[in-house]
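A structural walkthrough
Now for the letters of each chain:
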Amino acid sequence: QVQLVESGGGLVQPGGSLRLSCAASGTIFGIYDMGWFRQAPGTQRDLVATIDSDGVTNYADSVKGRFTISRDNAKNTVLLQMNSLKPEDTAVYYCTADLRVDISPRHRYFWGQGTQVTVSS
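In what follows, the accompanying structure is described. As the structure is a prediction and not an experimental result, all values here were calculated from the model.

Let us look at the packing of aromatic side chains. Inspection of every chain in the model, using the stated rule, returns one aromatic pair. The interplanar angle of 65° and the centroid separation of 5.2 Å between the aromatic rings of Phe37 and Trp111 together place this pair among those described as edge-to-face. Residue Phe37 is found in strand S4 (residues 30–39), and its partner Trp111 is found in strand S10 (residues 108–111); the two are separated by 74 residues along the sequence. The class of Phe37 is buried, set by a relative accessible area of 18%. For Trp111, a relative accessible area of 39% corresponds to the partly exposed category. Geometry around Tyr94 places Arg45 over its ring, the cationic atom sitting 3.6 Å from the centre. Over the ring of Trp111 we find Arg45, and its NZ or CZ is 4.9 Å from the ring centre.

Pasting the structure below:
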């Protein structure tokens, strides 16, 4: 069974840093795009950052210059380094990955269970 497991969330003061990690496990034949979304209470789930299989990245305007997404293909892992955190970054952060999980060429997106990030003094 394929799953994505996030770690690294928690409570941090404004201006602080956190690093989120997400590992894909199970029988995986290929990994394409990977990324992070976030959802604050009462809002929709929004894109934070994505990275494709060539390492090309894309960021939401609100996190550009503060967050960095990276991936380790050997470990099926995607990371999100978050610096200069603000209270408005408070949300549940979800990992997502476009995976091929059988011998057919089909691939689809999987989601992690989410990890809470709270930025507060």
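Now that the structure has been shown, the text picks up again.
Turning to unusual backbone geometry, a few remarks are in order. Even without being glycine, Asn76 reaches a positive phi, approximately 50°. As for its position among the elements, Asn76 is in the loop between strand S7 (67–72) and strand S8 (77–82). Since its relative accessible area comes to 22%, Asn76 is described here as partly exposed. Even without a glycine there, the phi angle at Ser84 is positive, about 50°. With respect to the helices, strands and loops of the structure, Ser84 is situated in the loop between S8 and strand S9 (91–100).

Thresholds applied
Residues numbered from 1 in each chain as written. Predicted model: local features only at pLDDT ≥ 70, side-chain atom pairs only at ≥ 80, totals over all residues. Heavy atoms only, no water. Phe/Tyr/Trp six-rings, centres within 6.5 Å; stacked < 30°, edge-to-face > 60°. Helix = DSSP H or I, 4+ residues; strand = E, 2+ residues; numbered from the N terminus. Buried < 20%, exposed > 50% of the residue type's maximum accessible area, 1.4 Å probe, protein only. Lys NZ or Arg CZ within 6 Å of the ring centre and 35° of its normal.

Distances and angles like these do not, on their own, reveal function.
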